[in-house]
Every structure is written in structure tokens, then in C-alpha cells.
Amino acid sequence: KVLFLDRDNTLIKCEVGKYIVKISDVEFLDENISKISLIAKKYNFVCMVTNQPSISMGNLSMKKLDQINSLIIKYCLSRNLKIDVVTFCPHHPHKGFINEISYLKKDCFCRKPNPGLFLEQAFLRNINLSNSLMIGDSNNDLLAAKNANCNFKNIDSL
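What you see is a predicted model, and the numbers here were worked out from it, not measured in a lab.

**Q** Outline the side chain of Asp141, listing residues and values.
**A** Take Asp141: it is sitting in helix H5 (residues 139-147). When near neighbours in sequence (up to four residues on either side) are disregarded, Asp141 contacts Asp6, Lys112, Met134, Gly136 and Phe152.

Written as C-alpha cells, this is what we have:
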């Protein structure tokens, strides 16, 4: 069984309508991380699942995303929360952004609330989704978990 975690507004702050595109944008939610670290002990594995539409918009490179996620993983580990793997959706269905990457501009199966990120990890790692838990902050997180037959808890209810 696996603990799936949303990233923005679950582990780090992210204002509505804004995107985390540089290291200096990262502000940790220590109270959430502490609560999640206790819950994580009951699971075999922790997987961060996150939509990253800034990649398709041309505002965030894969290298910068790796740097941001690495910072988050290291920080969480220092707070007794080990994140074993990160999986993300780089797509975004809306077009018209100045620097957009056209081949990533699509309505895909991996972008939450679709279950693709969960199903991919379940296939790769032999995960029982019905015994797993997703912790997130949004309706998209709830729907993604439901669409993947995974349990859900809102971070605000922990």
C-alpha cells in the first residue's frame, strides 16, 4: 500500500493561479509535513503526484522542476518524511501561451483529476490502489484518487 501526496498546497505553499517555477518560490508547510510523516509510517512507499502545466506553458524546464522537487524531497526527509518517487504530468490542454511547447499541449490521461499518474505507478510498482491513500488539497486530488480507486484525505482534515 502506498501513500500518494499532492505537492502544491499540501507540502509547499502555492497561491491560486500562480505556479512554482523557481527555487525561491518554495515555501514549506511544516505543519502538514509533520502530520504526513506520521501517517507515512503506515505505508510501504510514498509517491508525490503533481500536475506541472508550467512545463507545457514554457515557463518551467525539466531541469528546474528536478531542482525544485529535489529540494522538497531533501527538506521532507529532514522532517522524517521520505518521498520515494515523484511522478508528474507536464501537459496542459489550453493553448495560447507565449513560450508554450506544442507537443505537450493536450488533454491527457495523466493530468489530475484523471487517474493516469496513479495507474502508471500501480503498474510499475505492483501497488494495490484500493489499500492506498492520496493526501491532497483540491477537488482535482479527490477526483483523481476516486478515479484510481484510491482512498483520499484532504490535508485540511488531518
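**Q** Explain the sheet that holds strand S1 (residues 2-5) to me, and be specific about the residues and the numbers.
**A** Spatially, S3-S2-S1-S4-S5 is the arrangement adopted by the five strands of the open sheet, whose pairing is parallel. In this open sheet, the two edge strands, each paired with only one partner strand, are strand S3 (85-89) and strand S5 (151-154). The average angle at which neighbouring strand axes cross in this sheet is 25°, direction not considered. Pairing of S1 with strand S4 (residues 133-136), which is carried by three bridges, proceeds in the parallel orientation. When the sheet's bridge partners are listed, Leu3 is paired in S4 with Leu133.

**Q** Please set out the pattern of salt bridges residue by residue, giving values where relevant.
**A** Under the criterion given, the structure shown has eight salt bridges. Taken together, the shared-partner salt bridges in this structure form one network comprising Asp6, Lys112 and Asp141.

**Q** Any details on the packing of aromatic side chains? Residues and values, ideally.
**A** Evaluated as defined, the whole model comprises two aromatic pairs. Judged by centre distance (4.7 Å) and plane angle (55°), the ring pair of Phe4 and Phe118 falls under tilted. Placement of Phe4 in strand S1 and of Phe118 in helix H4 (residues 116-125) is noted, with a sequence separation of 114 residues between them. Summarising the burial analysis for this pair, Phe4 and Phe118 share the class buried. Where Phe28 meets Tyr75, the ring centres are 3.7 Å apart and the plane angle is 10°; that geometry is what we call stacked. One end of the pair, Phe28, is in the loop between S1 and helix H1 (30-40); the other, Tyr75, is in helix H3 (residues 62-78), and 47 residues separate them in sequence. Since its relative accessible area comes to 18%, Phe28 is described here as buried. The ring of Tyr43 has Lys1 lying over it, and the distance from NZ or CZ to the ring centre is 5.1 Å.

Rules and cut-offs
- Residues numbered from 1 in each chain as written.
- Predicted model: local features only at pLDDT ≥ 70, side-chain atom pairs only at ≥ 80, totals over all residues.
- Heavy atoms only, no water.
- Helix = DSSP H or I, 4+ residues; strand = E, 2+ residues; numbered from the N terminus.
- Contact = heavy atoms within 4.5 Å.
- Pairing = 2+ DSSP bridges.
- Axes fitted to C-alpha atoms, helices over the stretch in contact; angles between N-to-C directions.
- Salt bridge = Lys/Arg side-chain N within 4 Å of Asp/Glu carboxyl O.
- Phe/Tyr/Trp six-rings, centres within 6.5 Å; stacked < 30°, edge-to-face > 60°.
- Buried < 20%, exposed > 50% of the residue type's maximum accessible area, 1.4 Å probe, protein only.
- Lys NZ or Arg CZ within 6 Å of the ring centre and 35° of its normal.

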